[in-house]
Amino acid sequence: MSLIIKNLSVNLRERQILKEISLEVAPGTLHAIMGPNGGGKSTLSAALLGNSAYTVTDRVRGKNKPQILVDNKDITGLPTDMRAKLGLFLAFQSPISIPGVNVANLLKTAYQLSKEQRTKNHSSRHKEGLRARKDQKKLHNPALSVWEFNEMLVKEAKKLSIPQDFLRRSLNEAFSGGEKKKLEMLQAVILSPKYAVFDEIDTGLDVDALKIVATGIEQLKKKKTGVIVITHYQRILKYARPDFVHILVGGRIVASGNRNLAKEVEENGYRKWADNN
Ligand SMILES: Nc1ncnc2c1ncn2[C@@H]1O[C@H](COP(=O)(O)OP(=O)(O)OP(=O)(O)O)[C@@H](O)[C@H]1O
Ligand SMILES: [Mg+2]
């Protein structure tokens, strides 16, 4: 049970951006991906969620076939909404505003849909026997009442220092850069996905907000979410401690290691890998 990326090569129109990326993210672990501007980090997150602008190149067949697996389910060809329902979440580097879509309503709908899907997944794995029927009955009513959901939403928003009245506003409309990032984290902790990718969640955050967002990452880890944090800075990794650090340069993962790798990057930059790429 993991998020497994195998030999993922991705093109944007005619240009190859990602080259045979392989990565395995186990539940409850934190992977940090660092790399220079334009290296392909956001492309990786977009390709994971199935952005149709990016094409997974399928020229390599057989043993090196590109694949993305979520807990053994091959999601490589699935549309974004199915990937989200199967438990993938992406916090955007530049979250977009959606005027007229209220934060609380959006989250309530997304929460219900994701729980319904998980109930289905769970039931299909336990088709036979009395135990399965009991499980199904127990899980078949996962939706919280509006009142219970709102209570949870307000509690989680408070933990992230998001004022309650923000929840009634349109998604990201007239939110500051840092507020948008905190709102991305709120969505993640509410949806509690199996695997979450945060693309530069730390950019533009003040030091207090940075600690709060890092707490959100730790909270997700405790709930067994496998997390990928894309970042340029070691500072968030002081608060949310990564199990693995990967360096993505020129569309390839050129190095993987522990937290010390992030320190090395902070001190020496990427020249060492750029020269060899
Ligand atoms: N829509 C697009 N049109 C043209 N080129 C694009 C497009 N999107 C991405 N690219 C190119 O793909 C490459 C990889 O971009 P990507 O956004 O994945 O980099 P990144 O590692 O996330 O960089 P950063 O650290 O600056 O966010 C870059 O050279 C970028 O210019
Ligand atoms: Mg990027």
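This text goes with the structure placed above it.
None of these values were measured; they are calculated from a predicted model. (Residues numbered from 1 in each chain as written. Chains lettered and ligands numbered in written order. Predicted model: local features only at pLDDT ≥ 70, side-chain atom pairs only at ≥ 80, totals over all residues. Heavy atoms only, no water.)

Asker: Which parts of the structure should I look at to understand the sheet that holds strand β7 (residues 88-91)?
Answerer: By way of backbone hydrogen bonds, the strands of a sheet pair with one another, either parallel or antiparallel. With respect to topology, 6 strands assemble into an open sheet ordered β7-β10-β11-β3-β12-β13, the strand pairing being mixed. A single partner strand is all that each edge strand has here, and the edge strands are β7 and β13 (252-257). Averaged over all neighbouring strand pairs, the angle between strand axes comes to 20°, with direction disregarded. Summarising the sheet, strand β3 (residues 30-34) and strand β11 (residues 226-230) pair through 4 bridges and their orientation is parallel. Bridge pairing in β11 places Ile33 opposite Ile230. Its contacts with the sheet put helix α6 (residues 177-191) on β7 and β10 (195-199), and the angle it makes with β7 is roughly 170°. Packing of helix α7 (residues 207-222) onto the sheet brings it into contact with β3, β10 and β11, and relative to β11 it is tilted by some 155°. (Pairing = 2+ DSSP bridges. Helix = DSSP H or I, 4+ residues; strand = E, 2+ residues; numbered from the N terminus. Axes fitted to C-alpha atoms, helices over the stretch in contact; angles between N-to-C directions. Contact = heavy atoms within 4.5 Å.)

Asker: Please explain the coordination of the magnesium ion (ligand 2) as it appears in this structure.
Answerer: Around a metal, the idealised angle for a tetrahedral arrangement of four donor atoms is 109.5 degrees; for an octahedral arrangement of six donor atoms it is 90 or 180 degrees. For the magnesium ion (ligand 2), the full set of protein donor atoms is Ser42 (OG) and Gln93 (OE1), and the range of their distances to it is 2.0 to 2.1 Å. With Ser42 in helix α1 (residues 41-48) and Gln93 in the loop between β7 and β8 (98-102), this residue pair connects regions lying 51 residues apart in the sequence. Given a relative accessible area of 29%, Ser42 falls into the partly exposed group. Classification of Gln93 by relative accessible area gives partly exposed; the value is 32%. (Donors = N, O, S within 2.8 Å, 3.2 Å for Na, K, Ca; no water. Buried < 20%, exposed > 50% of the residue type's maximum accessible area, 1.4 Å probe, protein only.)

Asker: Looking at this structure, how should I read the site of ligand 1?
Answerer: What surrounds ligand 1 is a group of 16 residues, the closest being Gly38, Lys41, Ser42, Thr43 and His232. A distance of 3.0 Å is found between an oxygen atom of ligand 1 and a side-chain nitrogen or oxygen belonging to Arg15. Within the side chain of His232, one N or O atom sits 2.9 Å away from an oxygen atom of ligand 1. Considered on its own, ligand 1 offers 640 Å² of accessible surface; in the complex 66% of this is hidden by protein. Elements represented by at least two residues in the shell around ligand 1 include exactly β2 (15-25) and α1. In terms of residue count, α1 provides more of the shell around ligand 1 than any other element does, 3 residues in total. Here the shell around ligand 1 is built from residues that sort into 4 nonpolar, 8 polar and 4 charged. (Near = heavy atom within 4 Å. Polar contact = N/O pair within 3.5 Å; in protein donor to acceptor, adjacent residues only side chain to side chain. Areas by Shrake-Rupley, 256 points an atom, 1.4 Å probe, with all protein chains shown as cover. Nonpolar A, V, L, I, M, F, W, Y, C, P; charged D, E, K, R; others polar.)

Asker: Could you clarify how one ought to interpret the pairing of β11 in this entry?
Answerer: A regular strand places its side chains on the two faces of the sheet in alternate fashion. A large share of β11 lies buried, amounting to 5 of its 5 residues. Residue alternation in β11 divides its side chains into two sets, Gly226, Ile228 and Ile230 and Val227 and Val229, and both sets are buried. Bridge count between β10 and β11: 5 bridges; the pairing is parallel. Counted as the bridge partner of Asp199 is Ile230 from β11.

Remember that the coordinates give geometry; whether it matters functionally is a separate question.
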